[in-house]
Amino acid sequence: VKVLGIETSCDETGVAVYDTAAGLRAHAVYSQIELHAQYGGVVPELASRDHVRKLLPLIRQTLAEAGLETAGIDGVAYTAGPGLVGALLVGAGVARALAWALDVPAIGVHHMEGHLLAPLLEDDPARGRPEPPFVALLVSGGHTQLVHVAAIGRYRLLGETLDDAAGEAFDKTAKLMGLPYPGGPQLAALAERGRPGAFRFARPMTDRPGLDFSFSGLKTQVLLAWQGSDRGEQTRADIARGFEDAVVETLAIKCERALDAAGCETLVVAGGVGANKRLRARLEDMAHRRGGRVSFPRPAFCTDNGAMIAFAGALRLQAGQHDTAAVRVTPRWDMASLAPVTSE
Ligand code: ATP
Ligand code: MG
Ligand code: FE
């Protein structure tokens, strides 16, 4: 089946067509970064309005790239939550209307299930796609979670952040050192020029058992180091490197613990921070040392995109699941409450 996927949970409009026979046919993302940059963060009402402006043109463009007419679509998947309620309603409204007009099923997808399944979206020619059971590390702008995946759709939370998400910590830390919004990727780029060990920050909550995280204290440590420094370019890069190493090391320690606790040797990583090069390299090393494996989406599918929603929706539609015609979104939504995906 060919599924149109629509993502509008926050500040990216993402559209894609996933074909269960041929794989990903086309995808496009429009980022609202410039719109929100002047405010230093996402302004929900502006986000909703920009999704309204961009969604239909992006759907037309993506269908054209896939070589499809709207009539060639067998189902529509959209992000139903979690996220900004207004932004979600734009995607849900368009998706439901389109499905109704085409007389095809529509399904609301959990945004974090989309992220979680992104590493399974594209085939790995050498190793094949990772298969459950596995442990997933979800590291995005709003979430830092370790999840045990017994089967697709069967998720058990092993641990999560008690305060800031990893991506949020990257963004806030970048901001306090004067980098423009959204600072996460820029902080990571700056860290490339930083000297390892010049600044050393704590690895929060790694000195006691458990799989939860806390990143807000790290931000304060960086602030103090930055304020007490010469605030030069090299110092900024050195602090960025120290911060990145602390986050990467903390995530790696907890991932290894989670694999041990779950008795798994497969780790999948998803969400925007999954694009971080040093995190990818560090987790590859760990997997190699253990004789296990770690899978990441390509960097563009770590951050928000329509492809992951089309893919997650396709798996559920293929299993016979779909929603009623009501336009409903779920801004707060626990992944453990999802129905398992079983296709017979
Ligand atoms: P959620 O999925 O939890 O609702 P979100 O959709 O806003 O949050 P994503 O789009 O998955 O989050 O990821 C965006 C986050 O990833 C931002 O916080 C950004 O700073 C961070 N990020 C992106 N690239 C990198 C990178 N190379 N290194 C570190 N952080 C990064
Ligand atoms: Mg975003
Ligand atoms: Fe996201």
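Cut-off values and rules
Residues numbered from 1 in each chain as written. Chains lettered and ligands numbered in written order. Predicted model: local features only at pLDDT ≥ 70, side-chain atom pairs only at ≥ 80, totals over all residues. Heavy atoms only, no water. UniProt positions renumbered as here; feature names shortened; annotations may be inferred. Helix = DSSP H or I, 4+ residues; strand = E, 2+ residues; numbered from the N terminus. Buried < 20%, exposed > 50% of the residue type's maximum accessible area, 1.4 Å probe, protein only. Right-handed = clockwise from strand over helix to strand, strands pointing away. Donors = N, O, S within 2.8 Å, 3.2 Å for Na, K, Ca; no water. Arc of directions from axis to C-beta. Contact = heavy atoms within 4.5 Å.

Observations concerning the UniProt feature "domain: Gcp-like" (unreviewed entry) in the chain
Then, in step 1: Mapped onto the present numbering, the UniProt feature "domain: Gcp-like" (unreviewed entry) falls on residues 24-311.
Then, in step 2: Helix makes up 47% of residues 24-311 and strand 17%, and the two end C-alpha atoms of the span are 8 Å apart.

As for the pairing of strand β5 (residues 106-110)
It is a general feature of regular strands that their side chains alternate between the two faces of the sheet.
Then, in step 1: Of all five residues in β5, five are buried, a share of seventy percent or more.
Then, in step 2: Covered by surrounding structure in β5 are Ala106, Gly108 and His110 together with Ile107 and Val109, the residues of both alternating faces.
Then, in step 3: Handedness of the crossover is the feature at issue here: the chain leaves strand β4 (residues 75-81), passes through helix α3 (residues 85-102), returns alongside β5, and the resulting connection is right-handed.

Digging into the coordination of the magnesium ion (ligand 2)
Then, in step 1: Those protein atoms acting as donors to the magnesium ion (ligand 2) are Asp11 (OD) and Glu12 (OE), and they sit at 2.2 to 2.3 Å. The pair formed by Asp11 and Glu12 is uniform in burial state, with each residue classed as buried.

Comments concerning helix α5 (residues 166-176)
Then, in step 1: Here α5 has its buried residues at Ala166, Gly167, Ala169, Phe170, Thr173 and Ala174. Here the buried residues of α5 occupy an arc of 160° about the axis, which is enough to place them on one side.
Then, in step 2: Where α5 is buried, its residues contact β6 (134-139), β7 (144-151), α6 (184-191), α7 (216-227) and α8 (233-262).
Then, in step 3: Once α5 finishes, Gly178 follows within two positions and takes phi at roughly 85°, a positive value.

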